[in-house]
Amino acid sequence: FKIKNAYCCEPINELYENLQKKHGKNVKIFNCALSNKEKKRKFYIYEIPSQSSFYKQNKTYSSLQKIKKIIKIESKIFDKIFNKNLKIDFCKIDAQGEDFQILKGMSKNLKKGNIKLLKVEVCFPDVHKDVPNSYLDILNYLNEFNYRLFSISKIKYKDNSILFLDAFFKKN
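Worth saying up front: this structure is predicted, and the values here are computed from it rather than measured. (Residues numbered from 1 in each chain as written. Predicted model: local features only at pLDDT ≥ 70, side-chain atom pairs only at ≥ 80, totals over all residues. Heavy atoms only, no water.)

Turning next to the nonpolar core. Counting residues in hydrophobic clusters, the biggest one holds 26 residues, and the most contacted among them are M106, L110, I115 and L118. Contributing elements (two or more residues each) for this core: β6 (88–93), α3 (99–104), β7 (115–123), α5 (135–144) and β9 (161–171). In this structure L118 touches C91, I93, L103, M106, L110, L142, Y147, A167, F168 and F169, once residues within four positions along its chain are discounted. I12, A33, I45 and Y55 belong to the second-largest nonpolar core, a separate cluster that totals seven residues. (Core = buried A, V, L, I, M, F, W, Y, C linked by side-chain atoms within 4.5 Å. Buried < 20%, exposed > 50% of the residue type's maximum accessible area, 1.4 Å probe, protein only. Helix = DSSP H or I, 4+ residues; strand = E, 2+ residues; numbered from the N terminus. Contact = heavy atoms within 4.5 Å.)

Across the sheet, three strands lie side by side as β3-β5-β4; this open sheet has mixed pairing. Only two strands of the sheet have a single neighbouring strand rather than two, namely β3 (33–35) and β4 (40–46). Neighbouring strand axes in the sheet, compared pairwise and without regard to direction, differ in orientation by 50 degrees on average. Of the strand pairs in this sheet, β3 and strand β5 (residues 67–77) are connected by three bridges, and their pairing is parallel. Within β5, the residue paired with A33 across the bridge is S75. (Pairing = 2+ DSSP bridges. Axes fitted to C-alpha atoms, helices over the stretch in contact; angles between N-to-C directions.)

Let's shift gears to the side chain of R41. For R41, the position within the fold is in strand β4. Note on R41: relative accessible area 16%, which makes it buried. Here the side chain of R41 touches E98 through a polar contact of 2.8 Å, side chain to side chain. The contacts of R41, once residues within four sequence positions are left out, are S35, F54, Y55, I71, K72, I73, S75 and E98. (Polar contact = N/O pair within 3.5 Å; in protein donor to acceptor, adjacent residues only side chain to side chain.)

In this section: the pattern of salt bridges. Taken as a whole and judged by the stated rule, the model has four salt bridges. In this structure, E98 and R41 form a salt bridge, with 2.8 Å as the shortest nitrogen-oxygen distance. Taken together, the residues E98 in the loop between β6 and α3 and R41 in strand β4 connect sequence positions 57 residues apart. The same class applies to E98 and to R41, which are both buried. (Salt bridge = Lys/Arg side-chain N within 4 Å of Asp/Glu carboxyl O.)

With that settled, the discussion passes to the packing of aromatic side chains. On inspection of all chains with the given rule, the structure shows six aromatic pairs. Three or more aromatic residues joined by ring pairs make a cluster, and in this case those are Y7, F30, F78 and F82. Directly above the ring of F30 sits K28, whose terminal nitrogen or CZ lies 4.9 Å from the centroid. The ring of F150 has K170 sitting right over it, with the charged end atom 5.1 Å from the ring centre. (Phe/Tyr/Trp six-rings, centres within 6.5 Å; stacked < 30°, edge-to-face > 60°. Lys NZ or Arg CZ within 6 Å of the ring centre and 35° of its normal.)

What α5 keeps buried is the set Y135, I138, Y141 and L142. The arc that holds the buried residues of α5, viewed along the axis, is 135 degrees, so those residues lie on one side. Every exposed residue of α5 that faces more than 90 degrees away from the buried side is listed here: L136 and E144. Against α3, α4 (107–112), β7, β8 (147–158) and β9 lie the buried residues of α5. (Arc of directions from axis to C-beta.)

Moving on, we come to the pairing of β9. With seven bridges connecting them, β7 and β9 associate as antiparallel partners. By the bridge assignment, K119 is partnered in β9 with F168. Where β8 lies against β9, nine bridges are found, and the strand directions are antiparallel. Looking across to β9, one finds that I152 is bridged to A167. In this structure, the hairpin formed by β8 and β9 is closed by a connection of two residues, where D159 is found at a positive phi of approximately 50 degrees.

Here is the structure:
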């Protein structure tokens, strides 16, 4: 299939600029983090940028715990950015513990069924400190909007406990 439009939210300036250079003509890139509230928050930038988050990491992997710097960033709400009844075929959320809050900020789009397929990287409690939600919160919340879990992939374990996985949901 052909991709007509692609959108991306990236809070780390360095990565945002790289994405702009590489994909700026084909992808609309927003230099922000998503959540369910618009406010300035502490953001931990780790040596491995893909691990950066609003949350500190637990002692899961020492190699992933090196904080490069802490910055303050403004979080935005998905529904305020995508508020024109935009039909979205695929939406990927990979936000290192902030996934449930992002989904709460998508409630209008979820209610209208504007998103056909959701991929959510779900982190389990052992990964980040002070994450206020769980895998079940995400499942139950999406169920309220008739989104059903239909597949999981990339399950990562440590000491017989799940750390994270990719969960796929589709509108019923």
